[in-house]
Amino acid sequence: MTANSLIPLTIALTLPLCCAQAPPPKPHATDDGLALTPPMGWYPWNIFGQEPQNEKLIRETVEALVASGMRDAGYSYVGPDEGICFSRGDDGKLTSNLQRYPSGLRGLGDTIHRKGLKYALYTDAGARTCSGAMPGTKDHERVDMQAFAEWRADYVKIDWCNTQGQDIVKTYTDLHDAQHAAGRPIVHSLCSWGDGEPWKWAAALGHLWRTTADICGPGQADWDHAMKLTAINEKLYPWAGPGFWNDPDMLIVGMPGLSEVQNRSFFSLWCMMAAPLIAGNDLRSMSPSTIRVLTNPEAIAVNQDPLGIQGHIIRTAGKVEVWAGKPLFDGSRALLLFNRGASAASVEVKLAEIDLKPEPGLWVRDLWRHTTSQPAISPDGVIAFQVEPNDVGWFRIANQPDFPLPPVIVADTYLVSLRAGGPAPQDLTGSLVLTNHGSAELPLWKVRQDLPAWLAVTVVKTGKTQTVRNAVATAGLRKGLYHAVVRLDNTEPISGQPMSAVYYDIDLEVPDDVGAATE
């Protein structure tokens, strides 16, 4: 792999007595530095199912994602989800379905990368995918993961259909090893719908794992079913952390069947559970309300908190669930009050329940109203909240009045393409720009120094923007196509937690042999 050393993960999980004997294994992310906060992006299955998926749909969605502000909010992984995008040739290798994806899967990925987004694809661990329309990876793990690397995927969802007779741990281990052998860092999304209890072992093999059945059939959200899945996923909080996430399936925000209040409540729950935020609605026709929910920076800040702790229910008060257990990177605490009742409710919360004291002062930030207040506190340290019916009250609470946002990194591109102009030596340059939409300036991004001899990379900083300069000296290079994957690492300055590594591709075309440099 390009990533060949370890990043320390400082998260420490507090396990309840029922689970203390089973701490999570060493995360796969300690190797590649990927998904140290929950992945954010879009997949088409929830709203479209399989048949409408093609290159035109993906390209239109990419444009909508950027135009709506979702890219700037942190959504980055985009691609087809069981979209009949490849078949297997007589040589055993995967080949792009050019009728649906005329640019080929590599060409589609390049388009996505040039938009400052990351490329997501789909496969299955069995003989066929769930619909039967595409080949699975069984007995082809190495060649298929090599294909995903050559198509330059950044994220691969791996379903568990048509796996009769297969051992789940061995199968996903084989795929993990095949991805390492292919040499491209890829986020692995394991999708066995909770079969085999992947939260107990999958952190060593991937970055997230489905804990539940599908959240809906294509085209229509099901609120009651989504709440059942929430209850399943909530209980698994001990097994989540930076680089290893419980995944209760994709978002249903903005889909037919949900009200604005349900959209807001659902998104709050997924953010509080540190669940992956993979949108599943049609981004091309979103209402302003849906955009506001999906791009709320204060909601996303809780989800993308560098500590990576999954919040959970600490008690119920009548029909109100009290969600806490989620300290945040700046010392504040997240508190979610989910009122399942048909009438407004008053809920009292003791500061001790969220591990805070009233001194030297207490401030409450409403994450949907975007207001800060100093609440009345009873002598025994209790705050009273009002929650509307079938709605949430969602807050950050702290002993100081500022509520900083953690880093959200947005790139203008993940592909730098350079071309030499002829046989004379040249110095070529190409850049990408990384912008932090969080509150604090970041340290300088560090370049992993396992670069090819023809490439030099430097980083300069201007406030929250850092420019990564790629310099190529063509002297002495032979005719050919050159490629490198560059890794950048950084640390969140308030908590000291490592941030997700940034990877990008560099392509260099040398059309002629180039002479040696002259003095």
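Residues numbered from 1 in each chain as written. Predicted model: local features only at pLDDT ≥ 70, side-chain atom pairs only at ≥ 80, totals over all residues. Heavy atoms only, no water.

Re the overall build of the protein
And then number 1: When you go through the protein residue by residue, the secondary structure sums to 11 helices and 26 strands.
And then number 2: Computed over C-alpha atoms, the radius of gyration of the protein comes to 23 Å, within 12% of the 24 Å expected from 2.2 N^0.38 for 519 residues, which places it in the range of a compact globule.
And then number 3: The C-alpha extent of the protein, read off along each of the three principal axes, is 80 × 55 × 45 Å.
And then number 4: Counting all 519 residues of the protein, 60% fall into the buried class.
And then number 5: Looking at the protein alone, contacts between residues at least 24 apart form 73% of all its contacts between residues at least 6 apart.
And then number 6: Entry remark: accessible area of the protein is about 19700 Å², with carbon and sulfur atoms responsible for 52%.
And then number 7: For the protein, the centre of its 44 positive side-chain charges and the centre of its 57 negative side-chain charges are spaced 1 Å apart. (Helix = DSSP H or I, 4+ residues; strand = E, 2+ residues; numbered from the N terminus. Rg over C-alpha atoms; globule rule 2.2 N^0.38 Å. Buried < 20%, exposed > 50% of the residue type's maximum accessible area, 1.4 Å probe, protein only. Contact = heavy atoms within 4.5 Å. Areas by Shrake-Rupley, 256 points an atom, 1.4 Å probe, with all protein chains shown as cover. Lys, Arg positive; Asp, Glu negative; His and termini not counted. Charge placed at Lys NZ, Arg CZ, Asp CG, Glu CD.)

Regarding the pattern of salt bridges
For side chains of opposite charge, pairing can occur when their charged atoms come near one another.
And then number 1: Applying the stated criterion across every chain yields a total of 30 salt bridges.
And then number 2: One salt bridge connects arginine 71 with aspartate 72, and the closest N-O pair in it is separated by 3.9 Å.
And then number 3: A salt bridge links arginine 448 to aspartate 489; its shortest N-O distance comes to 3.1 Å. Taken together, the residues span a long stretch of sequence, with arginine 448 in the loop between strand E22 (446–447) and strand E23 (455–462) and aspartate 489 in strand E25 (residues 480–489) at a distance of 41 residues. Each of the two residues, arginine 448 as well as aspartate 489, counts as buried.
And then number 4: Here the salt bridges do not stand alone but share partners, grouping Lys56, Glu60, Asp282 and Arg284 into one network. (Salt bridge = Lys/Arg side-chain N within 4 Å of Asp/Glu carboxyl O.)

Focus: helix H5 (residues 104–114)
And then number 1: For H5, the tally of buried residues reaches nine of 11 residues, placing the bulk of the element in the interior.
And then number 2: For H5, the complete set of buried residues consists of Gly104, Leu105, Gly107, Leu108, Gly109, Asp110, Thr111, Ile112 and His113.

Some points on the pairing of strand E6 (residues 155–159)
And then number 1: Within E6, five of the five residues are buried, which leaves the element mostly enclosed by the surrounding structure.
And then number 2: Neither face of E6 is left uncovered, since the one carrying Tyr155, Lys157 and Asp159 and the one carrying Val156 and Ile158 both have all their residues buried.
And then number 3: Two elements, strand E5 (residues 118–124) and E6, share five bridges in a ladder whose sense is parallel. Its bridge partner lying in E6, tyrosine 122 is registered against lysine 157.
And then number 4: A crossover connection joins E5 to the parallel E6 through helix H6 (residues 141–150); in handedness this β-α-β unit is right-handed.
And then number 5: Of the strand pairs in this sheet, E6 and strand E7 (residues 187–191) are connected by five bridges, and their pairing is parallel. Paired with lysine 157 across the bridge in E7 is serine 189. (Pairing = 2+ DSSP bridges. Right-handed = clockwise from strand over helix to strand, strands pointing away.)

Some thoughts on the state of the cysteines
And then number 1: Scanning the entire structure with this criterion turns up one disulfide.
And then number 2: For cysteine 130, the disulfide goes to cysteine 161, at an S-S distance of 1.9 Å. Between cysteine 130 and cysteine 161 the sulfur-sulfur dihedral comes to about 90°; the bridge is accordingly right-handed. With cysteine 130 in the loop between E5 and H6 and cysteine 161 in the loop between E6 and helix H7 (168–182), this residue pair connects regions lying 31 residues apart in the sequence.
And then number 3: This cysteine, cysteine 191, is not joined by any disulfide, and cysteine 130 carries the nearest cysteine sulfur, 7.1 Å off. (Disulfide = S-S within 2.5 Å.)

Read these as layout, nothing more, since geometry by itself doesn't imply function.
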